[in-house]
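Chain by chain, the residues run as shown.
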Amino acid sequence: MNVMANIVAAVCQACFGTNEEEQPPGNKYVVDPTPEENTIQRDQTKDPEPEGDHESQLQVQDEGEEGGDKHTEDPDAGQDIVDVPAVSYEDNLSGICTRLWELDTNRLQPGKDYEIDTQRRARYVDKGDMPQDMARDPLFAWVDEDKVNSIPTFKAFISLLDNYSQNVGTSEVVTAEEEEENWTFLNACLETDVLQEAHKYLAGKDLVPEDEEGFKRKLYDLWFKLYSRTRGRMDSSGFEHVFVGETRSRNNEVTGLHNWVQFYLQEKKGNIDYTGYKSRGTDDYDQLITIQFTWNGNVKPVGSSFIGTSPEFELALYTVCFLAGDGKDRLSIADFDVEVVTHRFGRYIGTSYPQAK
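Just so it is clear, the model here is predicted, and its values are computed rather than measured.

S.K.: Explain the overall build of the chain to me, please; I cannot follow it from the model alone.
M.R.: Within the chain, the regular secondary structure consists of ten helices and ten strands. Scored against the burial criterion, the 357 residues of the chain give a buried share of 51%. Carbon and sulfur atoms make up 47% of the accessible area of the chain, which amounts to about 16900 Å² in all.

Now the structure itself:
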């Protein structure tokens with residue numbers, strides 16, 4: 001009887017195969033069904049809540065070195081692919097994010113293209129108070145600006161930084177010229193292998209349109225569409241918050257501003273005063289760092305950012321984590337661990353930033 005059962009089972013397997021789904025040929029990502037909570041709510045019609053940002057969480061003291069502290073990071077809210085991946089690509093965020101890091105050929109290199117001086121560890125600061133300055137010198141000792149300005153994506157990115165009002169609550173007005181600059185930036189990013197790889201990954205999970213124009217429109221909506229953080233005024237966007245930064249008169253606080261290029265340019269102009277580091281995330285600590293600073297008299301008790309990375313890498317990384325992640329994604333990128341935090345503001349990006357782990 002057992003012999004006959006084995007024969008029948010063998011014949012069935014030969015005819016119908018096993019129960020496991022086989023990966024389609026040529027697809028290097030194993031695509032699982034996307035969890036419902038990770039999809040964009042396309043049918044949402046209700047406007048975001050006016051005070052829906054998450055930036056107001058209190059700082060939490062830590063038993064760290066030098067009597068330091070730990071803060072809750074501001075939870076506000078057609079080219080061919082080159083190089084063979086150095087890792088096995090399974091369906092996990094660390095795999096795609098490492099690939100994006102590998103493809104970021106426009107990333108500046110520490111010691112060669114820039115140098116930072118972290119100095120002393122920042123002290124705890126009460127909400128509304130000014131921090132004690134633990135750094136006599138700027139964070140950036142020097143940056144190769146000629147190289148930065150020679151890279152199309154950096155050049156297009158910098159042209160966007162003066163398009164916004166700093167104050168939350170002040171309505172933004174987007175001119176035709178500024179809108180054209182937004183599209184120029186996205187077009188430049190889409191010329192890079194980094195964003196093309198992000199597009200391929202997200203399209204493979206049915207999270208974005210497969211065609212480039214549809215993907216570009218999706219990026220524009222996620223990052224540049226205006227929404228209201230306060231009292232119904234169209235005063236913010238994902239790009240403004242994450243890459244440019246905003247301030248609130250309440251408690252004189254800085255929200256967002258998680259981009260090293262904006263930080264460097266504002267520090268160079270004398271608008272930012274670096275007051276010390278909070279944590280240093282990589283072995284040589286100069287590519288991922290958490291710091292404290294003031295911006296035009298407003299305080300950022302704790303803020304994290306990559307250093308040296310290209311605008312297209314950060315755009316791709318945060319978009320992938322926002323659409324395919326769960327809001328707090330522990331990743332292993334290259335040789336360091338990082339947690340990428342993303343928050344939704346209605347159907348748009350409220351904030352996104354890295355945290356050293």
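S.K.: Just checking my understanding: could you explain the packing of aromatic side chains for this structure?
M.R.: Any aromatic ring pair is given by two values, namely how distant the centres are and how the planes are angled relative to each other. Enumeration according to the criterion identifies 23 aromatic pairs in this entry. Consider the rings of F140 and Y264, whose centres lie 5.5 Å apart with planes at 70°: the pair is edge-to-face. Here the residue F140 occupies a position in strand β2 (residues 140-143), and Y264 occupies one in helix α9 (residues 260-268), the gap between them amounting to 124 residues. Taking the relative accessible area as the measure of exposure, F140 reaches 5% and is therefore buried. With 4.5 Å between their ring centres and 15° between their planes, Y227 and F345 make a pair best called stacked.

S.K.: What should I look at first to understand the sheet that holds strand β10 (residues 348-356) in this one?
M.R.: In sheet architecture, strand pairing relies on hydrogen bonds along the backbone and comes in two forms, parallel and antiparallel. Strand order across the open sheet formed by three strands is β8-β9-β10, with antiparallel pairing between neighbours. Strands at the two margins of the open sheet, each flanked by one partner only, are β8 (328-333) and β10. Taken pair by pair, the neighbouring strands of this sheet meet at an average axis angle of 25°, ignoring direction. Taken together, the eight bridges between strand β9 (residues 336-345) and β10 define a ladder with antiparallel strand orientation. Looking across to β10, one finds that F345 is bridged to Y348. Running over the sheet, helix α2 (residues 93-103) touches β8 and β9 and is turned about 55° from β8.

S.K.: Could you clarify how one ought to interpret the environment of D337 in this entry?
M.R.: As for its position among the elements, D337 is in strand β9. As a C-alpha pair, D337 and A356 span 19 residues in sequence and 6.7 Å in three-dimensional space. Those residues in contact with D337 that sit more than four places away from it in its chain are L288, L331, S332, A356 and K357. In terms of polar contacts, D337 uses its side chain to reach the side chain of S332, at 2.9 Å.

S.K.: How do you make sense of the packing of helix α5 (residues 176-190) against helix α10 (residues 311-324) when you look at a structure like this?
M.R.: A pair of packed helices is captured by two measures, namely the crossing angle of their axes and the spacing between those axes. As a packed pair, α5 and α10 sit with axes 10 Å apart at the nearest point and diverge in direction by 90°. In terms of orientation, α5 lies roughly perpendicular with respect to α10. In contact with F185, L186 and C189 of α5, α10 contributes P311, E312 and L315. Broken down by class, the residue content of the contact of α5 with α10 amounts to five nonpolar, no polar and one charged.

S.K.: Looking at this structure, I do not really get the nonpolar core. What am I missing?
M.R.: The nonpolar side chains of soluble globular proteins are, as a tendency, buried together. Grouped together as the largest cluster of nonpolar side chains are 77 residues, with contacts concentrated most on F185, W223, F239 and L317. Not counting residues within four places of it along the chain, the set of residues in contact with F185 comprises T153, A156, F157, L160, F224, F239, P311 and L315.

S.K.: It is not clear to me how α2 should be interpreted in this structure. Could you clarify?
M.R.: A turn of α-helix holds 3.6 residues, and therefore any two residues three or four places apart point the same way. Extensive coverage of α2 is indicated by the burial of nine of its eleven residues. Buried within α2 we find L93, G95, I96, C97, T98, R99, L100, W101 and L103. Residues of α2 that are buried sit in contact with α6 (193-204), β7 (298-306), α10, β8 and β9.

S.K.: Explain the pattern of salt bridges to me, please; I cannot follow it from the model alone.
M.R.: Charged atoms that come close allow side chains of opposite charge to pair. Considering all chains together, one arrives at eleven salt bridges under this definition. Here R229 ties to E246 by a salt bridge, and the two come within 3.3 Å at their closest N and O atoms. Of the two residues, R229 sits in the loop between α7 (212-224) and α8 (238-244) while E246 sits in strand β3 (residues 246-248), which places them 17 residues apart along the sequence. One salt-bridge network, held together by shared partners, links R99, E102, E197 and K200.

S.K.: Sorry, what's going on with α5 here?
M.R.: Its 15 residues give α5 an end-to-end C-alpha distance of 21 Å, which sits within 8% of 21 Å, the value for a rise of 1.5 Å per residue. Residues of α5 that are buried make contact with α4 (152-158), α6, α7, α8 and α10.

S.K.: Teacher, can you tell me more about the pairing of β10 here?
M.R.: A regular strand carries its side chains on alternate faces of the sheet. For β10, the tally of buried residues reaches eight of nine residues, placing the bulk of the element in the interior. Counted between consecutive antiparallel strands, the loop separating β9 from β10 contains two residues, among which G346 sits at a positive phi close to 65°.

S.K.: Looking at this structure, how should I read the environment of E267?
M.R.: Along the chain, the position of E267 falls in helix α9. Residues E267 and P138 lie 129 residues apart in sequence; the distance between their C-alpha atoms is 7.2 Å. Dropping the residues within four chain positions of it, E267 is found in contact with P138, L139, F140, I272 and Y274.

S.K.: Explanation requested: the pairing of strand β6 (residues 288-295) in the structure shown.
M.R.: Of all eight residues that make up β6, eight are buried, and the element is covered over most of its length. Side chains L288, T290, Q292 and T294 of β6 all project onto a buried face; the interleaved residues I289, I291, F293 and W295 project onto the opposite face, where all are buried too. Where strand β5 (residues 272-280) and β6 come together, seven bridges link them in antiparallel fashion. Looking at the pairing, I272 lines up with W295 of β6. Across seven bridges, β6 lies against β7 in antiparallel orientation. Its bridge partner lying in β7, T294 is registered against V299. Adjacent in sequence and paired antiparallel, β6 and β7 are bridged by two residues, among which N296 carries a positive phi angle near 50°.

Each value, and the rule that gives it
- Residues numbered from 1 in each chain as written.
- Predicted model: local features only at pLDDT ≥ 70, side-chain atom pairs only at ≥ 80, totals over all residues.
- Heavy atoms only, no water.
- Helix = DSSP H or I, 4+ residues; strand = E, 2+ residues; numbered from the N terminus.
- Buried < 20%, exposed > 50% of the residue type's maximum accessible area, 1.4 Å probe, protein only.
- Areas by Shrake-Rupley, 256 points an atom, 1.4 Å probe, with all protein chains shown as cover.
- Phe/Tyr/Trp six-rings, centres within 6.5 Å; stacked < 30°, edge-to-face > 60°.
- Pairing = 2+ DSSP bridges.
- Axes fitted to C-alpha atoms, helices over the stretch in contact; angles between N-to-C directions.
- Contact = heavy atoms within 4.5 Å.
- Polar contact = N/O pair within 3.5 Å; in protein donor to acceptor, adjacent residues only side chain to side chain.
- Parallel < 35°, antiparallel > 145°, perpendicular 65-115°, else oblique.
- Nonpolar A, V, L, I, M, F, W, Y, C, P; charged D, E, K, R; others polar.
- Core = buried A, V, L, I, M, F, W, Y, C linked by side-chain atoms within 4.5 Å.
- Salt bridge = Lys/Arg side-chain N within 4 Å of Asp/Glu carboxyl O.
- Expected span 1.5 Å × (residues − 1).

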